[in-house]
Amino acid sequence: MVKKIPVVVIKKIAEVDKILPALKSDGIEYAEITFRTACAEEAIKYAVKNYPDMIIGAGTVINAEQCKKAIEAGATFIVSPGLSVEVAKICKENNLPYYPGCVTPTEIMQALELGIEIVKFFPANVYGGLKAMKALSAPFPQIKFIPTGGVDSSNIDEFTAWEKIYAIGGSFFVKDALAKMNNN
């Protein structure tokens, strides 16, 4: 089954107690808390402590410093919009999955050289979506993808039907879960 990895932006710690229960009630066990805000590290630490039944990772990790902070906070996976060799090395040293953004053959080859076989494909809608991933899978049959950006409730089924999709990422999971929770 394809995993759902919501991209979660926390601006205030109190939002964790609103968003994570909504995701859980929607059957989602993952949360990628992004390093786009000042409270990201604190939010990850809080989520790991208070939602032990969820798999909490860090997203938008763009350098070694953020990666180290995310790991110290308890993140169990790291996601980047692009590929960072430094972040890859830190994740490998800490035995954590690292999902770098890779959309070109060169980036995928670099990921493979680093021992990475699951990559974020971001922004999926800008870089050709499913059609582009299928083309890339020909020379790189070992690669699995996490498309993010341009995937939503209206087209998720066409992505999840393909065996090379490891997970789907996106903020739409948060919006959908909160809307369902508010309607109940």
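See the structure shown above.
This write-up is about the structure you can find in this document. (Residues numbered from 1 in each chain as written. Predicted model: local features only at pLDDT ≥ 70, side-chain atom pairs only at ≥ 80, totals over all residues. Heavy atoms only, no water.)

### A look at the overall build of the chain
For step 1, the next point in the chain: Per the secondary structure count, the chain includes eight helices and eight strands.
For step 2, the next point in the chain: The C-alpha radius of gyration of the chain comes to 16 Å, within 12% of the 16 Å expected for a compact globule of 184 residues.
For step 3, the next point in the chain: Based on the C-alpha atoms only, the size of the chain along its principal axes is roughly 45 × 35 × 25 Å.
For step 4, the next point in the chain: By residue count, 49% of the 184 residues in the chain fall in the buried class.
For step 5, the next point in the chain: Contacts spanning at least 24 positions in sequence make up 54% of the contacts within the chain whose residues lie at least 6 apart.
For step 6, the next point in the chain: Summed over all atoms, the accessible surface of the chain reaches about 9100 Å², with 52% contributed by carbon and sulfur.
For step 7, the next point in the chain: Looking at the chain, you have 20 positive and 20 negative side-chain charges, and the mean spots of the two groups are 2 Å apart. (Helix = DSSP H or I, 4+ residues; strand = E, 2+ residues; numbered from the N terminus. Rg over C-alpha atoms; globule rule 2.2 N^0.38 Å. Buried < 20%, exposed > 50% of the residue type's maximum accessible area, 1.4 Å probe, protein only. Contact = heavy atoms within 4.5 Å. Areas by Shrake-Rupley, 256 points an atom, 1.4 Å probe, with all protein chains shown as cover. Lys, Arg positive; Asp, Glu negative; His and termini not counted. Charge placed at Lys NZ, Arg CZ, Asp CG, Glu CD.)

### A closer look at the side chain of glutamine 66
For step 1, the next point in the chain: Inspection of the secondary structure puts glutamine 66 in helix α3 (residues 64–73).
For step 2, the next point in the chain: There is a polar contact of 2.8 Å between the side chain of glutamine 66 and the backbone nitrogen of isoleucine 62.
For step 3, the next point in the chain: When neighbours within four sequence positions are excluded, glutamine 66 is seen to be in contact with Phe35, Thr60 and Val61. (Polar contact = N/O pair within 3.5 Å; in protein donor to acceptor, adjacent residues only side chain to side chain.)

### Notes on the pattern of salt bridges
For step 1, the next point in the chain: Throughout the structure, instances matching the rule amount to three salt bridges.
For step 2, the next point in the chain: A salt bridge links aspartate 53 to lysine 24; the shortest N-O distance between them is 2.9 Å. With aspartate 53 in the loop between α2 (40–50) and β3 (55–59) and lysine 24 in helix α1 (residues 16–25), this pair connects stretches of sequence that are 29 residues apart.
For step 3, the next point in the chain: For lysine 24, a relative accessible area of 35% corresponds to the partly exposed category. (Salt bridge = Lys/Arg side-chain N within 4 Å of Asp/Glu carboxyl O.)

### Things to note about the nonpolar core
For step 1, the next point in the chain: Judged by nonpolar contacts, the single largest core of 62 residues is most densely connected at Leu20, Leu23, Ile78, Phe145 and Ile168.
For step 2, the next point in the chain: Once residues lying within four places of it in the same chain are set aside, the contact partners of leucine 23 are Pro6, Val8, Ile28, Tyr30, Ala31, Met54, Phe173, Val174 and Ala177.
For step 3, the next point in the chain: If you look at the next biggest cluster of nonpolar residues, it comprises seven residues, including Ile5, Tyr30, Phe77 and Ile146. (Core = buried A, V, L, I, M, F, W, Y, C linked by side-chain atoms within 4.5 Å.)

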